[in-house]
Amino acid sequence: QNIDTIESPDNYYEVKYITQAINRLLERINDYAKSLKTVNKNLLKNKKRLIDAQRIAQMSSWTYWPDTKEIEVSHEFYRILEIDAKKRDISINTIVNFIHIDDKELFLNSLKRSIENGSRFDFIHRIVTERGKIKYLHTEGRVRKFKNAPTEIMGVSMDVTEEIEAKQKAEHMAFHDPLTNLLNRRAFLDKIDYLTKLAKHHEQIVAILFLDIDNFKFVND
C-alpha cells in the first residue's frame, strides 16, 4: 500500500521545508515498494518457470556444503526419488541411501576426489527410488572453495533412465535373435574377433568346435 503524504501544520519556513523533505522521502519509499513488488512478481514467475523447466527436463539442481553436511535440493529432486517433499527431509545420508549399492563407491569416491582437488565431476549412476524402481542419473557439477567461507558443491542430476534403457535395448537387439533371444551371427563374429586378438596378444591358441545337427533346418523352421 502507498504511504500518504503529510501536510504542513503551519506556514513556518523550517516546518514546510522539513515536511517537503519527508514527503519526498515517502514518495521514494512508495516508488521502491512498487519496484520491489514488481521484482518479487518477476522472481516468482522465474521460479515457476525454473520448476517447470526442470520437470520437463527431468533434472534437479542441488547445493551441498560438506563442512556442515547441509544440502539444498530443488523440488524435482523429490519427484525423481519418488518421495513426498512434505513428509521427508532431505539430507546427504538420505541421498546416499538411495544410491544403488553397486554405484555407491563410484558416487562417494567421485565427490571425495572433486572436493580434494576443487574440480568438476561428471558420471552416471543408479538409484533405487522410494517405490523400489531403479533409475539412471547423470550427475555433474563443480566444487567451489573459498578462503573465508565453507566449501560449496553445486550440481545437477538428470534422469536419463529412458535413454540408457533405449541404448541397452538397441545393443541387445543388435547382438541377439529377436525370436529365440539367443546370440546371433553378429555377436558370434564379434566374439571370435575379440578372442583371436586376445589370443594373439597373449600368444595363445583359440579353438572353435563346429557341431552339425541333422535335420536342424526342419526343427528351426
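Bear in mind the structure is a predicted one, so any value in this text is a computation, not a measurement. (Residues numbered from 1 in each chain as written. Predicted model: local features only at pLDDT ≥ 70, side-chain atom pairs only at ≥ 80, totals over all residues. Heavy atoms only, no water.)

Student: Explain the overall build of the chain here, please?
Tutor: A tally of helices and strands in the chain yields 7 helices and 5 strands. Looking at the chain residue by residue over its 221 residues, the buried ones come to 25%. Summarising the internal contacts of the chain: among those between residues at least 6 apart in sequence, 37% fall at separations of at least 24. Only carbon and sulfur atoms are counted for the fraction: they give 54% of the accessible area of the chain, which is about 17500 Å². (Helix = DSSP H or I, 4+ residues; strand = E, 2+ residues; numbered from the N terminus. Buried < 20%, exposed > 50% of the residue type's maximum accessible area, 1.4 Å probe, protein only. Contact = heavy atoms within 4.5 Å. Areas by Shrake-Rupley, 256 points an atom, 1.4 Å probe, with all protein chains shown as cover.)

Student: Just to check I follow, could you spell out the pattern of salt bridges for this structure?
Tutor: Side chains that differ in sign of charge can pair as their charged atoms come close. Inspection of every chain in the model, using the stated rule, returns 7 salt bridges. Taking the shortest distance from any N to any O, the salt bridge between Asp193 and Lys197 comes out at 3.3 Å. With a gap of 4 residues between them, Asp193 and Lys197 both fall in helix α6 (residues 185-201), about one helical turn apart. Its relative accessible area of 36% is what places Asp193 among the partly exposed residues. Asp221 is paired through a salt bridge with Lys217; the nearest N and O atoms lie 3.0 Å apart. Classification of Asp221 by relative accessible area gives exposed; the value is 72%. Among the residues examined, Lys217 registers a relative accessible area of 59% and is labelled exposed. Through salt bridges that share partners, Glu82, Lys135 and Asp159 make up one connected network. (Salt bridge = Lys/Arg side-chain N within 4 Å of Asp/Glu carboxyl O.)

Student: Explain the nonpolar core to me, please; I cannot follow it from the model alone.
Tutor: As a rule of thumb, nonpolar side chains are buried together in soluble globular proteins. Counting 22 residues, the largest nonpolar core has Trp62, Tyr64, Leu81, Ile83, Ile90, Phe121 and Ile153 as its most contacted members. Of all the elements in the fold, those that place two or more residues in this core are β1 (59-65), α2 (75-81), α3 (92-98), α4 (104-117), β3 (120-128) and β4 (134-144). (Core = buried A, V, L, I, M, F, W, Y, C linked by side-chain atoms within 4.5 Å.)

Student: What is the right way to read the sheet that holds β3 from this model?
Tutor: Sheet architecture is open: 5 strands sit in the order β2-β1-β5-β4-β3, paired in antiparallel fashion. The open sheet terminates on both sides in strands that have one partner only, identified here as β2 (70-73) and β3. When the angles between neighbouring strand axes are averaged without regard to direction, this sheet yields 25 degrees. Strand direction decides the pairing type here: β4 and strand β5 (residues 152-159), joined by 8 bridges, are antiparallel. Bridge pairing in β5 links Gly141 to Gly155. Relative to β3, α4 is tilted by about 160 degrees, and along the sheet it contacts β3, β4 and β5. (Pairing = 2+ DSSP bridges. Axes fitted to C-alpha atoms, helices over the stretch in contact; angles between N-to-C directions.)

Student: In this structure, what is going on with the side chain of Asp159? I would like to understand it.
Tutor: Positionally, Asp159 belongs in strand β5. At a separation of 2.6 Å, a polar atom in the side chain of Asp159 contacts the side chain of Thr161. (Polar contact = N/O pair within 3.5 Å; in protein donor to acceptor, adjacent residues only side chain to side chain.)

Student: Explain a nonpolar patch on the surface here, please?
Tutor: Taken together, the side chains of Leu211, Ile213, Phe216, Phe218 and Val219 make up a nonpolar region of the molecular surface, amounting to roughly 610 Å² of accessible area. As for its placement among the helices and strands, Ile213 is situated in the loop between α6 and α7 (216-220). Residue classification places Ile213 among the partly exposed positions, given a relative accessible area of 46%. (Patch = residues over 30% accessible without salt bridge, like charges linked within 9 Å, V, L, I, M, F, W, Y side chains within 5 Å.)

Student: Quick question: what am I supposed to make of the packing of aromatic side chains here?
Tutor: Aromatic ring pairs are reported here in terms of the distance separating the ring centres and the angle at which the planes meet. Summed over the entire model, instances satisfying the criterion amount to 3 aromatic pairs. Note on Phe107 and Phe123: the rings are 5.8 Å apart at their centroids and 85 degrees apart in plane angle, and the pair reads as edge-to-face. Within this pair, whereas Phe107 is found in helix α4, its partner Phe123 is found in strand β3, the two being separated by 16 residues in sequence. Assigned by exposure class, Phe107 and Phe123 land together as buried. Three or more aromatic residues joined by ring pairs make a cluster, and in this case those are Trp62, Phe107, Phe121 and Phe123. For the cation-ring pair, Arg186 lies above Phe175, with the distance from its terminal atom to the ring centre recorded as 4.8 Å. (Phe/Tyr/Trp six-rings, centres within 6.5 Å; stacked < 30°, edge-to-face > 60°. Lys NZ or Arg CZ within 6 Å of the ring centre and 35° of its normal.)

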